[in-house]
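Chain by chain, the residues:
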Number of protein chains: 2
Amino acid sequence: MSEVKVAAIQMSMTRVVSENIEKSIRLVRQAAAEGAQIILLPELFERQYFCQERRYDYYEFAGPAEDNDAVKALTRVSEELSVVIPVSIYERAGTVLYNTVVMLDCGKNLGIYRKTHIPDDHFYQEKFYFTPGNTGFKVFDTTYGKVGMGICWDQWFPETARSLALLGADIILYPTAIGSEPVLGGDSSGHWMRTMQGHSAANIIPIAAANRYGIEEVEPSEENGGQKSSLSFYGTSFMTDETGDVLKKAGRDSEEILTCNYDFELLRNKRLEWGIFRDRRPEMYGTLM
Amino acid sequence: MSEVKVAAIQMSMTRVVSENIEKSIRLVRQAAAEGAQIILLPELFERQYFCQERRYDYYEFAGPAEDNDAVKALTRVSEELSVVIPVSIYERAGTVLYNTVVMLDCGKNLGIYRKTHIPDDHFYQEKFYFTPGNTGFKVFDTTYGKVGMGICWDQWFPETARSLALLGADIILYPTAIGSEPVLGGDSSGHWMRTMQGHSAANIIPIAAANRYGIEEVEPSEENGGQKSSLSFYGTSFMTDETGDVLKKAGRDSEEILTCNYDFELLRNKRLEWGIFRDRRPEMYGTLM
């Protein structure tokens, strides 16, 4: 299998989990109908982005991966449509909570990746919710190619993309939840894109990022300490070729399915021809550790 | 010292070393007259790009750093103008030859960096000429800020830029010699730019790349085994802000001096505010080594 069609889905979320799961299924079916074989959904698409506020009761959102409603529903869809779907969930493993992707491949569960890098900023308060992942970087050997997974904040780290490329990934997928910066200000979307375009270019590998869109409001409550805030998620999901050039890009405020065709075998040869993996010098990389 | 003006010089080279050194001095003077305090010249600007062919007699181009004519001339210029100039040379250290930068700071020699990553391809036959550098990545504490150095092929490696950022660089400079790919084909300039834009974005640090331009021809000779070839160096020197956005970009075929102002203190704060250096997880980076 060399030519593969990959889709990135951009969607908004309501406050009702079942609605979000239903929407994800509808969009996965639509992507598969367009021929997509690997289908990327946004990060934590079961809910609005609960990390905007700190609430102890939200720890209850986490559960064992095998019991997760989205995983169960999408396992059936993945089997029926013969597609690969990484499913981003809030995972509970014993008494430890992780931001996790479950990799579904034609109905089979290929295992999990737990988000390595956890952000912490005003309204992106993930260190309150997630223990930094302990799985290490993971490339999943799927029916359609070797899929390297990063999760949102991982996408800022050259170490993630380089590790996945070294582990043999054919493509790197990033489910994402990113938007406005109410305190820092500015619009990070260009910075965000260029960072991942750079990972793509430096590793000669296509990447896809699937983001949510829409405004999500938080009302003051006893549980959140009286916080009132909102985040405007900026969509802008995109997919690159192996030189970091953007092939497809979604709008800032629309439901969209992006698709691109890739020839993974051709790209494996390009990674060799350019010589950058040949010329690495790990003995000089001590500063990174 | 927080606000600094940095210049990147794009130039072509003749077959006469003294002409190239004279041109470099003229352009450095012009950049300094425009207020530049850190001035980047292209890679190996003393000569046409001799690595296009393999000739044993070209090993004679290498010499001790302190005896190099460009270093000697530019040391005086650096002192006179009170500027920082990284000088790219072919260095001989005993019987080992390196692709080296000598860092000049207001007339002082702050030391050398030897190119870590050495390419090898049709007409970029650097493994024939240069032993991979043994200095490790270097950040030089100059009068105007902490200058991180990469040399040409280093610019493709996220490990270089990340290491320099971790070592405290305020800016990363890449002297370069890159152009056409007579065998692979295509134009790598977009790929090349996006790779470095990505390093800039991922490390929240400005970068500058100074390339040569012009066509350099090689005639068949006994010494080069009868090779006839040419390379068209594509200029396109550029400088970014700390988000990887291109602030200045040169044409493909023109002598140019690019300049940008940076507030290094402000940028140091931005690197902290974004949190990516806080959230690195070296214990998970074993794959890189």
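The text that follows walks through the structure, step by step, so that each part is easy to find. (Residues numbered from 1 in each chain as written. Chains lettered and ligands numbered in written order. Predicted model: local features only at pLDDT ≥ 70, side-chain atom pairs only at ≥ 80, totals over all residues. Heavy atoms only, no water.)

Observations regarding the overall build of chain A
Argument step 1. Helix and strand counts for chain A come out as 5 helices and 14 strands.
Argument step 2. The C-alpha radius of gyration computed for chain A amounts to 18 Å, which stays within 12% of the reference 19 Å derived for 289 residues, consistent with globular compactness.
Argument step 3. Along the longest, intermediate and shortest principal axes, the C-alpha atoms of chain A span 60 × 45 × 40 Å.
Argument step 4. Of all intrachain contacts in chain A linking residues separated by at least 6 positions in sequence, the fraction that spans at least 24 positions is 69%.
Argument step 5. The positive charge centre, built from 30 side chains, and the negative charge centre, built from 41, are 3 Å apart in chain A. (Helix = DSSP H or I, 4+ residues; strand = E, 2+ residues; numbered from the N terminus. Rg over C-alpha atoms; globule rule 2.2 N^0.38 Å. Contact = heavy atoms within 4.5 Å. Lys, Arg positive; Asp, Glu negative; His and termini not counted. Charge placed at Lys NZ, Arg CZ, Asp CG, Glu CD.)

Some details on the packing of helix H1 (residues 17-33) of chain A against helix H2 (residues 69-81) of chain A
Residue and element names in this part refer to chain A.
Argument step 1. It is the contact of H1 with H2, at a shortest axis distance of 10 Å, that shows an interaxial angle of 20°. Here H1 is positioned roughly parallel relative to H2, judged by the angle of their axes. When the axes of H1 and H2 are compared, the crossing they make is right-handed. On H2, the residues touching Ile21, Ser24, Ile25, Val28, Arg29 and Ala32 of H1 are Asp69, Ala70, Ala73, Leu74, Val77, Glu80 and Leu81.
Argument step 2. Residues of the contact of H1 with H2, tallied by class, amount to 9 nonpolar, 1 polar and 3 charged. (Axes fitted to C-alpha atoms, helices over the stretch in contact; angles between N-to-C directions. Parallel < 35°, antiparallel > 145°, perpendicular 65-115°, else oblique. Left-handed = near helix turned anticlockwise from the far one by under 90°. Nonpolar A, V, L, I, M, F, W, Y, C, P; charged D, E, K, R; others polar.)

As for the interface of chain B and chain A
Argument step 1. The interface of chain B with chain A comprises 53 residues on the first partner and 53 residues on the second.
Argument step 2. Buried area between chain B and chain A, both sides added, is near 4600 Å², and the carbon and sulfur share of it is 65%.
Argument step 3. Counting the surface chain B buries against chain A, the share from its top three residues, Arg194(B), Trp274(B) and Leu288(B), is 17%.
Argument step 4. Summed over the shared surface of chain B and chain A, the number is 8 salt bridges. (Buried area = accessible area lost by both parts, 1.4 Å probe. Salt bridge = Lys/Arg side-chain N within 4 Å of Asp/Glu carboxyl O.)

Some thoughts on the packing of aromatic side chains
Residues and elements named next belong to chain A.
Argument step 1. Under the definition given, this model contains 48 aromatic pairs over all chains.
Argument step 2. On the numbers, 5.6 Å between centres and 70° between planes, the contact of tryptophan 192 with tyrosine 234 is edge-to-face. Note that tryptophan 192 is positioned in helix H4 (residues 189-203) and tyrosine 234 in strand E11 (residues 229-234), a separation of 42 residues in sequence.
Argument step 3. The rings of Phe50, Tyr56, Tyr58, Tyr59, Phe61, Tyr90, Phe128, Tyr129 and Phe130 are connected pair by pair, giving a single aromatic cluster. (Phe/Tyr/Trp six-rings, centres within 6.5 Å; stacked < 30°, edge-to-face > 60°.)

So, the relation of the copies chain B and chain A
Look at the two chain copies: a rotation about an axis and a shift along it is all it takes to match them.
Argument step 1. Rotating chain B by 180° and translating it 0.0 Å along the rotation axis places it on chain A, where the RMSD comes to 0.0 Å. As the rotation angle and translation indicate, the two copies are arranged about a two-fold axis. Nearest to the rotation axis, the C-alpha of Gly198(B) is located 1.8 Å from it, this being the minimum over chain B.
Argument step 2. The share of interface residues of chain B whose copies in chain A are also at the interface is 100%, consistent with both copies meeting through the same surface. (Least-squares fit on C-alpha atoms with pLDDT ≥ 70 in both.)

So, the sheet that holds strand E6 (residues 138-142) of chain B
Residue and element names in this part refer to chain B.
Argument step 1. With mixed pairing, the 6 strands of this open sheet are ordered in space as E6-E7-E8-E9-E12-E13. One side of each edge strand has no neighbouring strand; the edge strands of this open sheet are E6 and strand E13 (246-249). Along the sheet, successive strands turn relative to each other by an average axial angle of 20°, direction set aside.
Argument step 2. In the sheet, strand E9 (residues 207-210) pairs with strand E12 (residues 238-240) via 2 bridges, with the strands oriented antiparallel. (Pairing = 2+ DSSP bridges.)

Some remarks on the side chain of Ser200(B)
Residues and elements named next belong to chain B.
Argument step 1. Its location among the elements puts serine 200 in helix H4 (residues 189-203).
Argument step 2. The class of serine 200 is buried, set by a relative accessible area of 0%.
Argument step 3. A polar atom in the side chain of serine 200 sits 2.9 Å from the side chain of threonine 240.
Argument step 4. The residues contacting serine 200, other than those within four sequence positions of it, are Ile205, Pro206, Ile207, Thr240, Asp241, Glu242, Thr243 and Gly244. (Buried < 20%, exposed > 50% of the residue type's maximum accessible area, 1.4 Å probe, protein only. Polar contact = N/O pair within 3.5 Å; in protein donor to acceptor, adjacent residues only side chain to side chain.)

Some words on the environment of Thr160(A)
All names here are of chain A.
Argument step 1. Relative to the helices and strands, threonine 160 resides in helix H3 (residues 158-166).
Argument step 2. Sequence separation of threonine 160 and asparagine 269 is 109 residues, and the distance between their C-alpha atoms is 22 Å.
Argument step 3. Beyond its immediate stretch of four places on either side in the chain, threonine 160 contacts His117, Phe137, Gly150 and Asp154.
Argument step 4. Separated by 3.3 Å, the side chain of threonine 160 and the backbone oxygen of aspartate 154 make a polar contact.

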